[in-house]
Amino acid sequence: MTHPKEPASEPADANERRSAPVVVCYDVASVPTRAHSDIETWRRDLVVVDTVIAAPRDAACFEVPAGYGFRIHSVDGPQVGDLNLWNQHDLSESFFSGKTRQLHATHVTRGDRLWSSLPALRAMATITWDTLEWYGWDEDGGGVHDVIGTRCDPYTNHLLKDVDYHQCCHSNLTRALSDHLSKPLAEVEPFVHDVLNVFMCTGFTKDTHQYFMKASPVRPGDYIEFMAEIDLLGALSSCPGGDCGSSHSDDDTACYPLKIDIVKPSDEYLEGFVKASVNGYDSTHGR
Ligand SMILES: [Zn+2]
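Everything numeric here is computed off the predicted structure, so don't read it as measured data. (Residues numbered from 1 in each chain as written. Predicted model: local features only at pLDDT ≥ 70, side-chain atom pairs only at ≥ 80, totals over all residues.)

Moving on: the overall build of the protein. When helices and strands are tallied, the protein shows seven helices and 13 strands. For 287 residues, the compact-globule estimate of 2.2 N^0.38 gives 19 Å, and the C-alpha radius of gyration of the protein, at 20 Å, lies within 12% of that figure. Each of the three principal axes of the protein carries a C-alpha extent, and together these read 65 × 45 × 45 Å. A total of 287 residues make up the protein; the buried ones form 40% of that total. Considering only residue pairs separated by 6 or more positions, the protein has 73% of its internal contacts joining residues 24 or more positions apart. (Helix = DSSP H or I, 4+ residues; strand = E, 2+ residues; numbered from the N terminus. Rg over C-alpha atoms; globule rule 2.2 N^0.38 Å. Buried ≥ 20, exposed ≤ 12 C-beta atoms within 10 Å, placed from the backbone. Contact = placed C-beta atoms within 7 Å.)

Okay, structure coming up:
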């Protein structure tokens, strides 16, 4: 059968069908949150206990005990970062960008949480501060810190350009995880997952709904801060796209390091801290 050149014709009631009311998919008012007063108390006495640098076109791993936190800082120039998070004790539980998108929005900011994969489905981290919160939504429909894109990777690059480039975020994250766990690349690569695109400014084009990027509004001094809700292993890649204002997956763009500070709240706060527990569903799936 030949593929017809013309699309399927519209039914007579096409516009009526298109005008069905919009319904937000989840009862987002029921998403468990952290009270602002709790976050303020946690933030009050934070001290930096460790610092890790993700070098340009490379990635670094870091560990954050539950109740501690981490800040990702722009330092020398506008730079986008690709963040992976795992349960430090079980790499099969990792950041679930799709569900985070459904529970919050295409882009996340202060108060939103990063949720983990099924079956655990729990808050891994809560965003406690974001110096780019002011950005909101621009006239192109773009926002900052997206959970709609994946990470740049050498396979897509090979597919589209027939070039082998080894500093894509996927490769950077794979090397960093391999080094951190002292395990071969092939063993850890399947654990690298869809990211939080830190500082990246993205959206969908209004006419064709295609994923776009534009120069990040991040500047040195900006940071985003997270509270760890469970013991976390994180990895952050300084994307070869730099500010992602022109290209990625190549060496054409200026790239800068990203600084990760691990922060600790007061001992008093930590004593009362309760880790997020795994989801309450019994996983029997009707059997
Ligand atoms: Zn990247």
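Let us keep going from here.
Turning to the environment of Ser216, a few remarks are in order. The topology assignment puts Ser216 in the loop between β10 (211–214) and β11 (223–228). Since 29 C-beta atoms lie within 10 Å of it, Ser216 is described here as buried. C-alpha of Ser216 to C-alpha of Val144: the two residues are 72 residues apart in sequence and 7.6 Å apart in space. Sequence-distant contacts of Ser216, defined by excluding residues within four places in its chain, comprise Pro78, Val80, Phe199, Met200, Cys201, Asp243 and Cys244.

Moving on, we come to unusual backbone geometry. Note the cis peptide between Leu118 and Pro119, where omega equals 5°. With respect to the helices and strands, the residue Pro119 is situated in the loop between β6 (113–115) and β7 (123–130). Within the chain, Asp162 stands out as a residue other than glycine whose phi angle is a positive 55°. Along the polypeptide, Asp162 turns up in the loop between α4 (154–161) and α5 (169–181). Phi is positive for His285, close to 50°, though the residue is something other than glycine. Topologically, His285 is positioned in the segment after α7 (267–271).

All right, on to the nonpolar core then. Residues Met124, Ala125 and Leu236 are the most contacted members of the largest nonpolar core, which totals 60 residues. Discounting residues that sit within four places of it in the chain, Leu236 has contacts with Ala54, Ala59, Ala60, Ile72, Gly81, Leu83, Leu258 and Ile260. (Core = buried A, V, L, I, M, F, W, Y, C linked by C-beta atoms within 7 Å.)

It is worth spelling out the sheet that holds β6 at this point. Within the open sheet, the six strands sit side by side as β1-β13-β3-β11-β7-β6. Their pairing is antiparallel. On the outer flanks of this sheet lie β1 (47–54) and β6, each paired with one strand and no other. With strand direction ignored, the average angle separating the axes of adjacent strands in the sheet is 25°. Relative to β11, β7 runs antiparallel, the two sharing five bridges. Its bridge partner being in β11, Trp129 is matched across the sheet by Glu225. (Pairing = 2+ DSSP bridges. Axes fitted to C-alpha atoms, helices over the stretch in contact; angles between N-to-C directions.)

As for its position among the elements, Asp251 is in the loop between β12 (232–238) and β13 (258–264). Placed 86 residues apart in sequence, Asp251 and Tyr165 show a C-alpha to C-alpha distance of 9.0 Å.

In this section: the environment of Ala228. Within the fold, Ala228 resides in strand β11. What makes Ala228 buried here is the crowd of 27 C-beta atoms within 10 Å. Considered as a pair, Ala228 and Glu63 are 165 residues apart in the sequence and their alpha carbons are 9.8 Å apart. In this structure, Ala228 is in contact with Val64, Pro65, Ala66, Gly67, Tyr68, Gly69 and Ala125, ignoring residues within four places of it in sequence.

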